[in-house]
Amino acid sequence: MWSRIISRLFTSLVVAWASVTATFVALHALPGRIQDILAGDLEYPGLREAIAAEWGLNRTLPEQYLDFLFRIFRGDFGTSYVLRQPVIEVVGSQLLPTVELALTAGVLAVVIAGGIALLTAGRSNFSREVASVLELVFASTPVFWLGILLLMAFSFNLRWFPVSGAEGWKSIVLPSITLALPTAGLLTQVLREAMEKTLDQPFVTTVRARGVGEFIIRWRHVLRHALLPAVTLGGWLIGGLLGGAVITEKVFGRPGLGTVTLGAVLTHDVPVVLTVVLLAAFIHVAASTLLDILYVLIDPRLRAQ
Amino acid sequence: MTAPSHRSFEQAVPLDRPEDLAGFETSLPVIAVQRRPPLAFIVSVAFVVLLIAAAAVPWLFTHFDPLVGDFTEGLKPPGWAHLFGTDRLGRDVFARTIYGTRYSLLIGFGGVAVGLGLGVILGIIAGQRNRILDECVSRLFDMLSSFPGVLLAMLIVTFLGQGMLNIAIAVGIAGIPKFGRVVRAQTQLVRDADYVTQATVYGLSQWQVFLRHVLPNVLVAIPIIATVYIGSTILIVSGLSFLGLGPQPPTPEWGVMLAESRDVLRVAWWPGVFPGLAITATVIAFSVVGNFLQKKFEGRMA
């Protein structure tokens, strides 16, 4: 068991290192001088020289690479020359609303997917067909269009929720539903398939033979079993939520990491975009590593090996 | 030791599964029943054909100009004159939606071509019997897929600049691990197939086996892989153009149209509904076609 966990940790470290290296290689492989790329659209005397000094561009390439690695390792992501602020401050001040949105949406997606799978797995053909059509539709709907539709219905017509902003609990309802539904669509597909496979297992027949009610079978026995393969989707889920949050924030005019990133892309503020993308990759790698380890810890079959 | 098979009572009774019938073959003539494709598949194929027609010859579907509108006709609701209504500048939303097909399909196919092109090369390399190469390429896929797709695409657009070609490249690069892993699995499947072993036993050199047997059988799967992933690619592309990273207004691209509709939502619902409907219908149609083809050819892939 421990060798499994250690090798998983090692692989994650390699992947994280590779992603930092890839951004370094990309920066140097791009045509043009690095100080021009990092400066974005800005132009004032002394800026290029300041960037060259901060990034140590007059040193050899291996030196620059090691310096880059160590700076990232220390959590120093450089300066945004467009915003004239350390990048980590820019990102840190906007992190909370995005995490709030992604977390609420993630929990909502898991609850929706679990509920639908619990109710429809292995049931009559009709309810399964309806559920599978809904899954397909939601998995095929662009996040931003769903947001526009919800805005139209609940903000402009019914006036239940505010149109934009991030003030109070009411402002998070529509964005989190928007972000959750397409994710829930894909998650339900996977979860239901896993539940249907589990329902065919001999232990379910045993439990059923003991006279346990159908709902208890599904809730206590089948769902727990079927959640295991779904756990491996956790990494994908987090990546999707982070990416989707960018688009959702734009639809609802919410402040957050997405709004900052989009602004940075449009002003060619490379240090900010680079930091957000790297942080997202780190979060993704860390979360999927944790889930994989959790997977080994909670599945007795893997623990025994 | 193999585990004893547990089969519940209800499952064992009907003898309709092929494995249940093993040993029951009689001399009765077997009539090959050609299963008719399901209705959803036929409708989806028809819709895809319509989409391709709309992308190729949009002027056959509408006589309105997607770029020029009549200011006095602004924000007219859907009706006989304007099937999907008009936007703030009086442009016909139906015409813009029809003309938009071209952009979505072009960028979507472009993205799949970029991702699949690079993914096939890397996937075939990883699928060979070389553990070090496989490990390196697989970690490369892990690294690429650790970046959330939308964010990676945004980073690439920051480097390359906005525009249609650049978001196709960005989405393609973000899709490399997806395509590469499928191709790697397919290569391994073919590599271990009996006919490849036989070709080796027959005395063909490694290169001859690869070029004559492995490569063609990996490449046949590519149209199917492309169809399966074109829908999700169009979905990501529409998101990027909604963010303003792809084609710019007044281009009648669906994502761009929806971004513009946000300003008039309070007074008009139609500019915010029809382009989105077009995206969803397109993605569903391609997914249905792709999944059907994948299931149909699953047995024959190796």
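Quick caveat: nothing in here was measured; it's all calculated off a predicted structure.

A.B. asks: What exactly am I supposed to notice about the overall build of chain A here?
C.D. replies: Within chain A, the secondary structure is distributed over 14 helices and two strands. Considered along the principal axes of its C-alpha atoms, chain A spans approximately 80 × 60 × 30 Å. Counting only residues that meet the buried cut, chain A has 48% of its 305 residues in that class. For chain A, the computed accessible surface area is about 14,800 Å², with 68% contributed by carbon and sulfur atoms.

A.B. asks: Help me understand unusual backbone geometry, please; the structure alone is not making it clear to me.
C.D. replies: Excluding glycine, residues mostly have negative phi values, and the peptide bonds linking residues are mostly trans. The residue after Pro-249 of chain B, namely Pro-250 of chain B, is reached through a cis peptide bond having omega 10 degrees. With respect to the helices and strands, the residue Pro-250 of chain B is situated in the loop between α9 (222–242) and α10 (254–261). The backbone phi angle of Arg-84 of chain A is positive, close to 50 degrees, even though this residue is not glycine. Within the element layout of this structure, Arg-84 of chain A appears in the loop between β1 (79–80) and β2 (85–86). Taking relative accessible area as the criterion, Arg-84 of chain A reaches 63% and is therefore assigned exposed. For His-268 of chain A, which is not a glycine, the phi torsion comes out positive at approximately 55 degrees. Following the sequence through the fold, His-268 of chain A ends up in the loop between α12 (257–266) and α13 (270–298).

A.B. asks: Looking at this structure, I do not really get the packing of helix α3 (residues 93–126) of chain B against helix α11 (residues 274–297) of chain B. What am I missing?
C.D. replies: Packed helices, taken two at a time, are described by the angle between their axes plus the distance between the axes. All names here are of chain B. Orientation of α3 relative to α11, taken along the N-to-C sense of each, is 40 degrees, at an axis distance of 10 Å. Looking at the two axes, α3 sits oblique to α11. Taken as a pair, α3 and α11 cross one another with a handedness that is right-handed. Here α3 contributes Val-93, Thr-97, Leu-105 and Phe-109 to the contact with α11, which in turn contributes Phe-274, Pro-275, Ala-278, Thr-282 and Phe-286.

A.B. asks: Looking at this structure, how should I read the environment of Gly-74 of chain B?
C.D. replies: Residues and elements named next belong to chain B. With respect to the helices, strands and loops of the structure, Gly-74 is situated in the loop between α2 (39–56) and α3. By relative accessible area, Gly-74 is classed as partly exposed at 25%. With 108 residues separating them along the chain, Gly-74 and Val-182 place their C-alpha atoms 49 Å apart. Among residues more than four places away in sequence, those in contact with Gly-74 are Thr-86, Asp-87, Arg-88 and Gly-90.

A.B. asks: Help me out: how do you make sense of the confidence of the model for chain B in this one?
C.D. replies: Low pLDDT marks stretches whose predicted atomic positions should not be read closely. Residues and elements named next belong to chain B. This prediction gives chain B a mean pLDDT of 83; 87% of its residues lie at or above 70. Across chain B, element-level confidence peaks in α3 with a mean pLDDT of 93 and bottoms out in helix α1 (residues 9–12) with 40. Here residues 1–16 scores under 50 on pLDDT; set against residues more than four positions off or in separate chains, the count is nine contacts. Contacts for the low-pLDDT stretch residues 18–30, under 50 throughout, to residues beyond four places or in other chains number five contacts. Taken together, the chains of this predicted complex give a pTM of 0.83 and an interface ipTM of 0.86.

A.B. asks: Even after reading the chapter, I still don't get the packing of aromatic side chains, so can you show me in this structure?
C.D. replies: Given two aromatic rings, their pairing is described by the distance between the two centres and the angle made by the two planes. By the definition in use, this model includes 13 aromatic pairs over all chains. Where Trp-207 of chain B meets Phe-210 of chain B, the ring centres are 5.9 Å apart and the plane angle is 90 degrees; that geometry is what we call edge-to-face. One end of the pair, Trp-207 of chain B, and the other, Phe-210 of chain B, are both in helix α8 (residues 206–219), three residues apart, so they sit about a helical turn from each other. The exposed category is assigned to Trp-207 of chain B, whose relative accessible area is 62%. Given the relative accessible area of 17%, Phe-210 of chain B is considered buried. One Lys or Arg, Arg-71 of chain A, reaches over the ring of Trp-55 of chain A and ends 4.6 Å from the middle of that ring.

A.B. asks: Just checking my understanding: could you explain helix α10 (residues 214–231) of chain A for this structure?
C.D. replies: Think of an α-helix as 3.6 residues a turn; residues three or four steps apart then line up on the same face. Residues and elements named next belong to chain A. Here α10 spans 24 Å end to end across 18 residues, near enough to the 26 Å set by a 1.5 Å rise per residue. The sharpest bend along α10 measures roughly 45 degrees and falls at Val-222. For α10, the set of buried residues is Ile-217, Arg-218, Val-222, Leu-223, Ala-226, Leu-228, Ala-230 and Val-231.

A.B. asks: What should I look at first to understand the nonpolar core in this one?
C.D. replies: In globular proteins that are soluble, nonpolar side chains generally tend to be buried together. Ranked by size, the top nonpolar core spans 121 residues in total, and within it Trp-55 of chain A together with Met-154, Leu-240, Phe-242, Leu-243 and Leu-245 of chain B carry the most contacts. Counting residues per element, this core draws most heavily on α3 of chain B, which supplies 11 residues. If sequence neighbours within four positions are ignored, Phe-242 of chain B has contacts with Phe-144, Ile-148, Ile-247, Lys-250 and Val-251 of chain A together with Gly-255, Leu-258 and Ala-259 of chain B. Among the nonpolar cores identified, the runner-up in size contains 28 residues, and Leu-118, Leu-191, Ala-194 and Leu-233 of chain A belong to it.

A.B. asks: Sorry, what's going on with the interface of chain A and chain B here?
C.D. replies: One frequent convention defines the size of an interface as the accessible area lost when the parts assemble. Listed as interface residues are 51 residues of chain A and, on the opposing side, 43 residues of chain B. In total, about 4,000 Å² of surface goes out of reach between chain A and chain B, with carbon and sulfur atoms giving 81% of it. Our count for the contact surface shared by chain A and chain B stands at zero salt bridges. Summed over the shared surface of chain A and chain B, the result is five residue pairs in polar contact (both at pLDDT 80 or more). The set of elements that each furnish at least two residues to the side of chain A that touches chain B consists of α1 (2–29), α6 (125–139), α7 (143–157), α9 (202–209), α11 (234–252), α12 and α13 of chain A. With 10 residues, α13 of chain A is the single largest residue contributor to the side of chain A that touches chain B. Here the residues of the side of chain A that touches chain B are counted per class, giving 38 nonpolar, 11 polar and two charged.

A.B. asks: It is not clear to me how the packing of α3 of chain B against helix α4 (residues 131–146) of chain B should be interpreted in this structure. Could you clarify?
C.D. replies: Residues and elements named next belong to chain B. One way to put it is that α3 packs onto α4 with a least axis distance of 8 Å and a crossing angle of 140 degrees. The pairing of α3 with α4 is recorded here as oblique in orientation. Mapping the contact onto sequence places Leu-122, Gly-123, Ile-125 and Ala-126 in α3 and Leu-133, Asp-134, Val-137, Leu-140 and Phe-141 in α4. Of the residues belonging to the contact of α3 with α4, the class tally is seven nonpolar, one polar and one charged.

A.B. asks: Sorry, what's going on with empty space enclosed by the protein here?
C.D. replies: Over the atoms a probe the size of a water molecule is rolled, and this reveals where empty space is left. Residue and element names in this part refer to chain A. With the rule as written, the count across this model stands at three cavities of 30 Å³ or more. Size it by volume and the largest cavity reaches roughly 70 Å³. Every residue along the wall of the largest cavity is listed here: Trp-55, Phe-68, Arg-71, Ile-72, Asp-76, Phe-77, Pro-271, Leu-274, Thr-275 and Leu-278. Among the secondary structure elements, those contributing two or more residues to the lining of the largest cavity are α4 (61–73) and α13. With four residues, the top contributor of residues to the lining of the largest cavity is α13. Residues belonging to the lining of the largest cavity are distributed by class as follows: seven nonpolar, one polar and two charged. In this model, the second largest cavity occupies a volume close to 60 Å³.

So, how was this worked out
Residues numbered from 1 in each chain as written. Chains lettered and ligands numbered in written order. Predicted model: local features only at pLDDT ≥ 70, side-chain atom pairs only at ≥ 80, totals over all residues. Heavy atoms only, no water. Helix = DSSP H or I, 4+ residues; strand = E, 2+ residues; numbered from the N terminus. Buried < 20%, exposed > 50% of the residue type's maximum accessible area, 1.4 Å probe, protein only. Areas by Shrake-Rupley, 256 points an atom, 1.4 Å probe, with all protein chains shown as cover. Axes fitted to C-alpha atoms, helices over the stretch in contact; angles between N-to-C directions. Parallel < 35°, antiparallel > 145°, perpendicular 65-115°, else oblique. Left-handed = near helix turned anticlockwise from the far one by under 90°. Contact = heavy atoms within 4.5 Å. pLDDT = per-residue confidence, 0-100. Phe/Tyr/Trp six-rings, centres within 6.5 Å; stacked < 30°, edge-to-face > 60°. Lys NZ or Arg CZ within 6 Å of the ring centre and 35° of its normal. Expected span 1.5 Å × (residues − 1). Bend = angle between axes of the 7 residues up to and from the residue. Core = buried A, V, L, I, M, F, W, Y, C linked by side-chain atoms within 4.5 Å. Buried area = accessible area lost by both parts, 1.4 Å probe. Salt bridge = Lys/Arg side-chain N within 4 Å of Asp/Glu carboxyl O. Polar contact = N/O pair within 3.5 Å; in protein donor to acceptor, adjacent residues only side chain to side chain. Nonpolar A, V, L, I, M, F, W, Y, C, P; charged D, E, K, R; others polar. 1 Å grid on protein atoms, 1.4 Å probe; cavity = no way out; pocket = protein on both sides within 12 Å on 5 of 7 lines; lining within 4 Å. Points joined across faces, edges and corners; volume = space filled by probe spheres on them.

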